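Descriptive structure summary
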Amino acid sequence: MRRKRDAKTVFFPAFGVLEQTFLLIFSFLYSIMYLKTQERSAPMKKRILSIGEARIDLCMPIGELPRSPKAPILAKSCGFVPSGSAAIAATAVARLGGDSVLCTRLGKDRNGTDLRRIYEYEGIDTRFVATDATLPTSFSVIYANENVERQICLSPDASSALSPSDIEGAFICRPDAIITSVELPRDKLLAAARIAAKRGTPVYLDGGASVGSFPFDELPPIELFAPDEDETKLLTDVNPDTPEKCLKAAIALSRMIRARFFAIKLGSRGCYIYDGKY
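Owing to the predicted nature of the structure, the values given are computational and were not obtained by experimental measurement.

Here is what the cut-offs are and how they apply
- Every chain is numbered independently, its residues counted from 1 as its sequence is written.
- Local features in a predicted model are, by the rule used here, given only for residues with pLDDT of at least 70; side-chain atom pairs are given and counted only at 80 or more, and totals for whole chains, interfaces and linings are based on all residues.
- Note that water and hydrogens are dropped before the side-chain values are worked out from all heavy atoms of the structure.
- Here a salt bridge means any side-chain nitrogen of Lys or Arg lying within 4 Å of a carboxyl oxygen belonging to Asp or Glu.
- Strands here are runs of E lasting at least two residues and helices are runs of H or I lasting at least four, both read from the DSSP assignment and numbered beginning at the N terminus.
- When the centres of two rings from Phe, Tyr and Trp lie within 6.5 Å, Trp using its six-membered ring, the rings pair. Their planes under 30 degrees apart give stacked, over 60 give edge-to-face, and anything left gives tilted.
- For each residue, the accessible area found with a 1.4 Å probe, counting protein chains only, is set against the maximum for its type, and the residue is called buried under 20%, exposed over 50%, and partly exposed in between.
- As used here, the term nonpolar core means buried Ala, Val, Leu, Ile, Met, Phe, Trp, Tyr and Cys residues forming a set that is joined through side-chain atoms within 4.5 Å.
- Contacts are residue-level and defined by heavy atoms, with any inter-residue pair within 4.5 Å sufficient.

Focus: the pattern of salt bridges
Tallied over the full model, the rule gives 13 salt bridges. One salt bridge in this structure joins R269 and E229, with 2.6 Å as the shortest N-O distance. Of the two residues, R269 sits in the loop between β11 (259-265) and β12 (271-274) while E229 sits in helix α6 (residues 229-236), which places them 40 residues apart along the sequence. Taken together, the shared-partner salt bridges in this structure form one network comprising E53, R55 and D57.

Next up, the structure:
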């Protein structure tokens, strides 16, 4: 049973743009699926399966990034923060009232134990959160200044060991949709997308650092693709800094990726939604 969270207790940070993205995605999910079941007197809660990375971040706010690799980095403070795109998505879905299921791998260590406890506290179904007996829980160290310029040192570890069989097994929960990202290794992402396509399950795909090398032509049709500004520029060579350029970039994206919707994440400016009707 989902526990009631104390308003003063926040395990995850304020998500900002990430939460905005998943709020958008979940809104799409719920509205589209509600239309399919609106003849019922009370629509059922939809089950969303989030697949991918879960990790712990050691976050250190700093004054400025060092200009020399030998210069020491002086942090103003530090703190451990639960992170990972799949874990953030699962948490956002749970907080927004969805039936949230997470598929990932954690290490058999203190970080893995703490993360599992946090997910269960948030009301996330952790049946498909595997424990890896050999690899530690994924971890990263992040330095960020006030301008959100940052450096990340990432150790994927347990999350990187998530296998296609892990993903296929998670579909036992019969999800109404899946959320994943291009951060997932290509063979595992393609496996997840193909299983979803075979079952008729819509896929909501977030961007990631690997968008420039991902073989989108091998990806089955998906429901939504949500790159950020930098990823959009990398894929289309168009900087989406105006509505006109957003439209131009979205049209370019629609020519390379088979998706029903495109949501270009624009930071504090929100999201630009394209449905192919312009």
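Some thoughts on the packing of aromatic side chains
In this description, an aromatic ring pair is defined by two values, namely the gap between the centres and the angle between the planes. Throughout the structure, instances matching the rule amount to four aromatic pairs. Measuring from centroid to centroid gives 5.0 Å for F214 and F216, while their planes differ by 65°, and the two rings are edge-to-face. For the pair formed by F214 and F216, the shared burial category is buried. Aromatic pair F262 and Y274: ring centres 6.4 Å apart, planes at 40°, arrangement tilted. One end of the pair, F262, is in strand β11; the other, Y274, is in strand β12, with twelve residues separating them in the sequence. Take Y274: its relative accessible area is 5%, and that puts it in the buried class. One aromatic cluster is present, built from ring pairs that chain together F214, F216 and F225.

Quick look at the nonpolar core
By size, the foremost hydrophobic cluster in this structure holds 40 residues, and its most contacted members are I51, F216 and F225. The dominant element in this core, judged by the number of residues it contributes, is helix α5 (residues 186-199), at six residues. Excluding residues within four positions of it along the chain, F216 makes contact with V182, L205, V211, F225, L235, M256 and I257.

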